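Listed below are the residues making up each chain.
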Amino acid sequence: MAKHLVIVESPAKSKTIEKFLGKDYKVLASYGHVRALPSKQGSIDIENNFEPKYQILPESKKHIAALAKEIAQAEELILATDPDREGEAIAWHLLQALGVDEDGDKPRVTRVVFHEITKGAIEKAMANPRKVARPLVDAQQARAVLDYLVGFNLSPFLWKKIHYGLSAGRVQSVALRLVCDRENEINAFDQQEYWTIEAELTGEQPRSFRGRLHSLDGKRLDKLAIGSEAMASELTTQIQASDFKVASITRKEKKRNPSAPFITSTLQQEASRKLGFSARKTMSTAQKLYEGINIGTGAEGLITYMRTDSVVLSTQATDEAREVITSLYGPEYAIDKPRVFKNKAKNAQEAHEAIRPTSIAHTPDAVKSFLSSDQYRLYRLIWMRTVASQMAAAVLDATSVDIEAGDRFMFRASGQVIRFAGFMKLYIEGTDDEDEDEKEGVLPAMNEGEVLACSSVVPDQHFTQPPPRFTEASLVKILEEHGIGRPSTYASIMNTLVTRKYVRLEKRTFYPEDVGMVVSNLLCQHFGKYVDYDFTAGLEEELDEISRGDQKWQPAVKGFWDPFIALIQQKDKEVTKADVTTEQTEKICPECTKPLVIKLGKMGKFIACTGFPECRHTEALDGEQRAEPELSDEKCDKCGEPMLIKHGRYGKFLACSGYPACKNIQPMEKPKSLDIACPECKEGELMEKKSRYGKIFYSCNRYPQCKYALWDRPMVQPCPKCSFPLITEKITKRFGTTHQCPTEACDYKITVVEPEKKATVKKEPAEKKPAAAKKPAAKKATTEKAPAKKAAAKKAPAKKAAAKKAPESEE
């Protein structure tokens with residue numbers, strides 16, 4: 001029996017760590033959080049100094065029982081949860097749930113932290129144990145209590161004033177405000193016309209180049225100086241009659257330094273720009289790389305901890321980077337002393353290392369065969385960013401040529417050429433704004449006083465553009481700049497905004513929905529203090545003070561709660577639902593002549609008559625009356641009336657024209673029979689159907705009496721191992737075509753068609769381009785019900801073992 005019991009959050013992490021420890025150690029997983037505040041009113045005892053009433057999560061009870069059994073026989077309990085506030089809180093909650101005294105002798109309790117899962121890091125952590133850091137636990141408790149108090153008091157207010165099912169959050173609502181404020185800026189933007197004039201020029205060298213009109217009569221032209229076609233045409237005519245001559249040439253050497261190694265927020269931004277990953281996908285993929293991948297010598301953590309605000313690299317990492325750079329690119333690309341970066345993030349914390357490979361010697365090519373496509377692409381990005389941060393600066397020659405055109409006009413041509421690529425040979429940081437990218441090029445050799453020939457003068461029309469809508473990358477960037485929330489919470493915040501239908505994500509860009517705009521306007525108008533950027537950042541600073549032990553958490557919560565609940569009670573009396581969801585118009589109802597108003601419905605805003613319910617006239621917001629449903633060729637199978645083609649939130653569907661007497665609705669595409677008897681009820685047959693999101697699934701035609709369903713195509717062939725009446729076929733690029741038993745208890749699985757093997761060509765890392773981003777998988781939702789778990793194909797161990805730990809979420 002092991003004398004030392006080590007508890008971590010994740011089974012994958014436990015397997016990696018166990019191989020580094022001796023036979024006296026046993027490593028088990030808590031499967032993430034074990035206690036939480038119940039999602040119901042009264043989970044915080046406000047009268048008793050905001051005492052939280054935690055409960056063991058239902059799914060954690062079996063894990064707690066298993067851990068308690070092991071602890072009873074262990075001499076030492078080692079808590080090795082993640083090295084951040086949430087990991088510290090999980091360690092504390094484990095002690096509370098298990099009823100273990102941290103200061104007791106049986107078992108002896110210690111807390112260890114490590115920022116990478118490697119043999120050296122584990123051994124060092126075990127040699128330096130400590131107690132659970134209560135200030136970090138208190139900071140996490142304060143965050144959870146604050147988020148609970150906001151969510152469970154402000155959300156019901158939204159239900160009463162708008163409609164049921166809405167939510168508000170301490171950080172979520174501020175992020176929504178950012179998206180909505182940007183939309184208001186775009187709507188209010190006054191587009192302006194402006195013109196530029198460029199000349200196509202050639203000197204003694206045969207290669208032509210372009211110069212842009214820069215100044216007129218000795219005065220530099222600003223962006224909007226040429227505001228009309230008439231003015232541009234007049235200037236063009238005058239310029240065409242002018243002689244061109246080189247007035248001056250300026251040459252400068254510019255040095256460009258690499259970006260800092262990744263922190264949580266910059267990793268999310270860059271993975272979004274270069275890989276097309278969502279913040280959630282980035283963090284889940286990074287979690288797997290951190291917890292451990294078998295690279296031929298057993299499981300090993302490939303990157304350091306991915307929730308960090310630090311840009312620091314250890315001496316070991318910089319030494320390794322120098323060796324790799326010298327080996328791959330030559331000594332001229334290495335630097336003598338490690339480059340040190342300063343953190344620009346507001347409220348930066350968790351002062352351990354940046355996100356980097358645990359061993360820089362593990363090049364992306366060396367580990368590629370052990371990783372999935374997403375894991376490889378993210379690991380490669382982290383590896384390149386880390387190595388580039390320690391490479392020599394790039395040296396560029398920037399040339400600027402001023403060109404006289406007669407006495408009145410001055411043109412300017414600029415060029416930039418890379419003299420020494422330095423870090424740019426490996427990696428260049430992406431940007432959210434294409435205009436920010438420097439244009440690289442080279443101008444032909446010229447001399448001052450040289451006469452130039454002009455082949456054409458071209459005026460070009462432009463219009464000023466409104467600020468761009470937020471992408472995931474740019475929203476993460478501005479949240480970080482304002483010090484709002486923690487980088488580890490950004491993925492869950494953005495996911496909440498989308499799932500609540502406050503915003504929609506189209507081509508990786510956030511668009512606010514009508515309900516999101518209404519919620520944001522309500523909160524800004526009546527709870528402006530609590531969605532103020534500086535106020536929210538100030539709360540984060542208070543949480544940091546608590547984590548340092550400079551402030552107690554209950555007084556901080558009380559200072560927030562007293563004015564907050566008083567304002568909710570006041571606004572509950574002052575604000576009516578009509579104030580929030582109804583807007584007046586100057587239109588008159590064409591049917592009853594009563595005023596028309598803009599109302600908020602489940603599908604967004606629309607125009608409705610104030611004479612409702614006597615008058616049911618409605619219009620789309622653009623003024624056009626809603627389209628009449630089309631008449632289909634099908635008859636209702638319940639009452640025989642014609643079926644209408646209608647439009648719903650998930651596209652077209654068939655509805656009986658006899659409504660409301662007959663409420664029969666059908667999908668546009670009818671289910672296809674597979675002529676396979678349902679193995680569960682043995683009365684129905686399996687049908688091929690489409691979910692509302694277009695994904696194929698297979699279910700019994702007796703739904704909802706029988707809820708048997710599968711995601712993989714069933715085949716009339718009994719399982720050779722357990723004799724279940726059917727097996728399923730699954731086709732993937734990675735594993736080829738497989739046949740497997742769909743029951744949880746049976747592990748029968750064979751490969752009938754091997755996956756196609758791609759020829760691999762080894763390239764230098766600098767020459768690789770990131771693979772195209774994959775489209776997100778369709779959601780596994782159906783118009784009936786998602787396939788039941790018990791009918792799904794046997795899950796892979798990794799999925800079974802996935803920890804339920806979330807980032808420091810406010811929701």
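What counts as what
Along every chain, residues carry numbers that run from 1 in the direction the sequence is written. In keeping with the model being predicted, local features are shown solely for residues with a pLDDT of at least 70 and side-chain atom pairs are shown and tallied solely at 80 or more, while totals for entire chains, interfaces and linings include all residues. Heavy atoms from the whole structure form the basis of all side-chain values; hydrogens and water molecules are not counted. Whether two strands pair comes down to DSSP finding at least two bridges between them. Secondary structure counts use DSSP, requiring at least four H or I residues in a row for a helix and at least two E residues in a row for a strand, with both numbered from the N terminus. Lines fitted to the C-alpha atoms define the axes, with helices restricted to the stretch that makes contact. Angles between their N-to-C directions range from 0 to 180 degrees. Relative accessibility under 20% of the residue-type maximum defines a buried residue, over 50% an exposed one, and the middle range a partly exposed one, all with a 1.4 Å probe and only protein chains included. In this analysis, two residues are considered to be in contact whenever any of their non-hydrogen atoms come within 4.5 Å of each other. Think of a polar contact as two N or O atoms within 3.5 Å of one another; within protein, one of them needs to be a possible hydrogen donor and the other a possible acceptor, and neighboring residues in sequence only count if both atoms come from side chains. Here a helix's expected span is defined as the number of its residues, less one, multiplied by 1.5 Å. Candidate patch residues must exceed 30% relative accessible area and have no salt bridge, after which like charges are joined if within 9 Å and Val, Leu, Ile, Met, Phe, Trp or Tyr side chains if within 5 Å. Computed by Shrake-Rupley with a 1.4 Å probe, the accessible areas treat only the displayed protein chains as cover when residues are assessed. Only one rule defines a salt bridge in this text: a Lys or Arg side-chain nitrogen within 4 Å of an Asp or Glu carboxyl oxygen. Aromatic contacts are taken between Phe, Tyr and Trp rings whose centres are within 6.5 Å, Trp giving its six-membered ring; a plane angle under 30 degrees counts as stacked, one over 60 as edge-to-face, and the others as tilted. A positively charged side chain is recorded as over a ring if its NZ (Lys) or CZ (Arg) lies within 6 Å of the ring centre. The angle to the ring normal must also be within 35 degrees. A score between 0 and 100, pLDDT records how confident the predictor is in each residue.

This part is about the sheet that holds strand S32 (residues 713–715). An order of S32-S33-S34-S35 is seen for the four strands of this open sheet, with the pairing classed as antiparallel. The two strands at the open ends of the sheet, each matched to only one other strand, are S32 and strand S35 (749–753). Ignoring strand direction, the axes of neighbouring strands in this sheet form an average angle of 30°. In this sheet, strand S34 (residues 736–740) lies alongside strand S33 (residues 727–732) in antiparallel orientation, the contact comprising five bridges. In the sheet register, Ile 731 faces S34, and the bridge partner there is Thr 737.

Bringing helix H1 (residues 11–18) into the picture now. Buried within H1 we find Pro 11, Lys 13, Ser 14, Thr 16 and Ile 17. On its buried face, H1 is in contact with strand S1 (4–8), strand S2 (25–29), helix H4 (119–126), helix H9 (279–291) and strand S14 (299–300). Regarding H1, its N-cap is Ser 10, as a side-chain oxygen of that residue lies 3.1 Å from the backbone nitrogen of Ala 12 further along.

So, about helix H3 (residues 85–98). Taking 1.5 Å per residue, 14 residues should reach 20 Å; H3 reaches 20 Å between its end C-alpha atoms and fits that length. Buried residues dominate H3, accounting for 13 of its 14 residues. Phi turns positive one or two residues past the end of H3, at Gly 99, with a value near 65°.

Quick look at a nonpolar patch on the surface now. Taken together, the side chains of Ile 750, Val 752 and Val 753 define a hydrophobic patch exposed on the protein surface, amounting to about 220 Å² of accessible area. Locating Val 752 in the fold gives a position in strand S35.

Turning next to the side chain of Ser 155. Tracing the chain through its elements places Ser 155 in helix H5 (residues 134–161). In terms of polar contacts, Ser 155 uses its side chain to reach the backbone amide nitrogen of Ala 168, at 3.0 Å. Once you skip the residues sitting within four places of it in the chain, Ser 155 turns out to touch Val 150, Leu 166, Ser 167 and Ala 168.

Our focus in this paragraph is the pattern of salt bridges. Applying the stated rule across the entire model yields 44 salt bridges. Ionic pairing is found between Glu 198 and Arg 210, a salt bridge with its closest N-O pair at 2.8 Å. Here Glu 198 is found in strand S9 (residues 193–202), whereas its partner Arg 210 is found in strand S10 (residues 209–216), with 12 residues between them in sequence. Overall, Glu 198 belongs to the buried group, its relative accessible area being 18%. Here Arg 210 falls in the partly exposed class, since its relative accessible area comes to 43%. Linking Arg 504 and Glu 513 is a salt bridge whose minimum nitrogen-to-oxygen distance equals 3.4 Å. Residue classification places Arg 504 among the partly exposed residues on the basis of a relative accessible area of 29%. Each member of the salt-bridge network shares a partner with another, and the members are Arg 143, Asp 147, Arg 170 and Glu 540.

Below, the discussion takes up the packing of aromatic side chains. Scanning the entire structure with this criterion turns up 15 aromatic pairs. Linked through ring pairs, Tyr 530, Phe 535, Phe 560, Trp 561 and Phe 564 together constitute an aromatic cluster. Residue placement shows Arg 177 over the ring face of Tyr 533; its charged tip is 4.7 Å from the ring centre. Positioned above the aromatic ring of Phe 735 is the side chain of Lys 749, whose terminal nitrogen or guanidinium carbon lies 5.6 Å from the ring centre.

What follows is about the environment of Pro 331. Inspection of the secondary structure assignment puts Pro 331 in the loop between helix H10 (315–329) and helix H11 (364–367). Taking the C-alpha atoms as reference points, Pro 331 and Ala 392, 61 residues apart in sequence, are found 9.7 Å from one another.

All right, on to the sheet that holds strand S7 (residues 76–79) then. If you trace the four strands from one edge of the open sheet to the other, you get S2-S1-S7-S8, paired in parallel fashion. Here the strands that pair on one side only, and so sit at the sheet edges, are S2 and strand S8 (108–111). Taken over all neighbouring pairs, the strand axes of this sheet differ in orientation by 20° on average, direction set aside. Sheet strands in contact with H1 are S1 and S2, and its direction is about 165° off that of S2.

A separate point is the confidence of the model for the protein. Counting all residues, the mean pLDDT for the protein is 85, and 88% of those residues have values of 70 or more. Throughout residues 759–786 the model reports pLDDT below 50, and contacts reaching past four residues in sequence, or to other chains, amount to 51 contacts.

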